[in-house]
Amino acid sequence: MGNPFQDQLLKAGLVSKQQVNKVKNAAHKKKKQQGSKKAVEIDETKLKAAQAAKEKAALDRELNKKKEQQARKKALSAEIDQLITTNRIERGDDCELVYNFEHMKKIERIYITAEMKKHITQGTLGIARIDSRYELVPKAIAKKIQQRDAARIILFSNAEQAIDEDDPYADYQIPDDLTW
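Everything in this summary refers to the structure shown in the same document.

The rules behind each value
Residues numbered from 1 in each chain as written. Predicted model: local features only at pLDDT ≥ 70, side-chain atom pairs only at ≥ 80, totals over all residues. Heavy atoms only, no water. Helix = DSSP H or I, 4+ residues; strand = E, 2+ residues; numbered from the N terminus. Buried < 20%, exposed > 50% of the residue type's maximum accessible area, 1.4 Å probe, protein only. Contact = heavy atoms within 4.5 Å. Areas by Shrake-Rupley, 256 points an atom, 1.4 Å probe, with all protein chains shown as cover. Polar contact = N/O pair within 3.5 Å; in protein donor to acceptor, adjacent residues only side chain to side chain. Pairing = 2+ DSSP bridges. Salt bridge = Lys/Arg side-chain N within 4 Å of Asp/Glu carboxyl O.

**Quick word on the overall build of the protein chain**
Helix and strand content of the protein chain: four helices and five strands. Mapped from its N terminus to its C terminus, the protein chain presents α and β elements in the order α-α-β-β-α-β-β-α-β. A total of 180 residues make up the protein chain; the buried ones form 17% of that total. Once local pairs closer than 6 in sequence are excluded, the contacts in the protein chain between residues at least 24 apart make up 48%. As displayed, the protein chain offers around 14,900 Å² of accessible surface, 53% of which is attributable to carbon and sulfur atoms.

**Observations concerning unusual backbone geometry**
Located in the positive-phi region is K105, a residue other than glycine, with phi close to 60°. A positive phi angle, close to 55°, is found at D131, a residue other than glycine. Mapped onto the elements, D131 comes out in the loop between β3 (125–130) and β4 (133–138). Classification of D131 by relative accessible area gives exposed; the value is 57%.

**Overview of the side chain of R152**
Residue position: R152 is located in the loop between α4 (139–148) and β5 (153–155). Of the polar contacts made by the side chain of R152, one reaches the side chain of S77; its length is 3.4 Å. When near neighbours in sequence (up to four residues on either side) are disregarded, R152 contacts S77, I80, D81, I84, I127, A128, R129, I130 and I145.

**Regarding the pairing of strand β1 (residues 97–103)**
For β1 and strand β2 (residues 106–112), the ladder comprises seven bridges, and the chain directions are antiparallel. In the strand pairing of β2, V98 is matched with Y111. In sequence, β1 turns back onto β2 through a hairpin of two residues, with M104 there showing a positive phi of about 55°.

**Brief notes about the pattern of salt bridges**
Applying the stated criterion to the full structure yields nine salt bridges. The partner of R152 in a salt bridge is D81, and the shortest N-O contact between them spans 2.2 Å. In this pair, R152 sits in the loop between α4 and β5 while D81 sits in helix α2 (residues 17–87), placing the two residues 71 residues apart along the sequence. With relative accessibility at 7%, the residue R152 sits in the buried group. On the accessibility criterion, D81 (21% relative accessible area) is partly exposed. A salt bridge links E135 to R88, with the shortest nitrogen-to-oxygen separation between them at 3.5 Å. In this pair, E135 is assigned in strand β4 and R88 in the loop between α2 and β1, connecting sequence segments 47 residues apart. Classification of E135 as buried rests on a relative accessible area of 5%.

**Some thoughts on the side chain of T113**
Tracing the backbone through its elements, the reader meets T113 in the loop between β2 and α3 (114–122). Discounting chain neighbours no more than four positions away, the residues touching T113 are D94, C95 and L97.

And the structure:
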């Protein structure tokens, strides 16, 4: 079934069969070329869409990693907070000595007893930060906190203080507030 206009021209004898076939072939070639252009355009859009999907997937993976890191940090912070609150050494009304220490280039202070001060200087107690306050924690807990986040332990001496037996000044105690 051909073009009715071509059929009429052919019956009237205005065109020959060869001319009609030539026009049909030209039209067919033109359709074929347009189809291939559409295929190329479709392929390009598919490629662009695939590339955009890959970029979005990479971005999503990166965002998920950041969220996981934040969640781990938050969990670690909560764990440290729990360690401090459950193992802190209570400081009551009898804590009248002011103990000064440096934190973030500022001098901070807590009130302690003479016994607590002795334990801090010996390294059996440490000072840990929770929220905006400072608490005393035992040595074992201070080590655990220091392993998880060293910034949360403000004052803690890991090194054991060795006493030299030949020290002629071993009987004399050096005051903590002595400045050179």
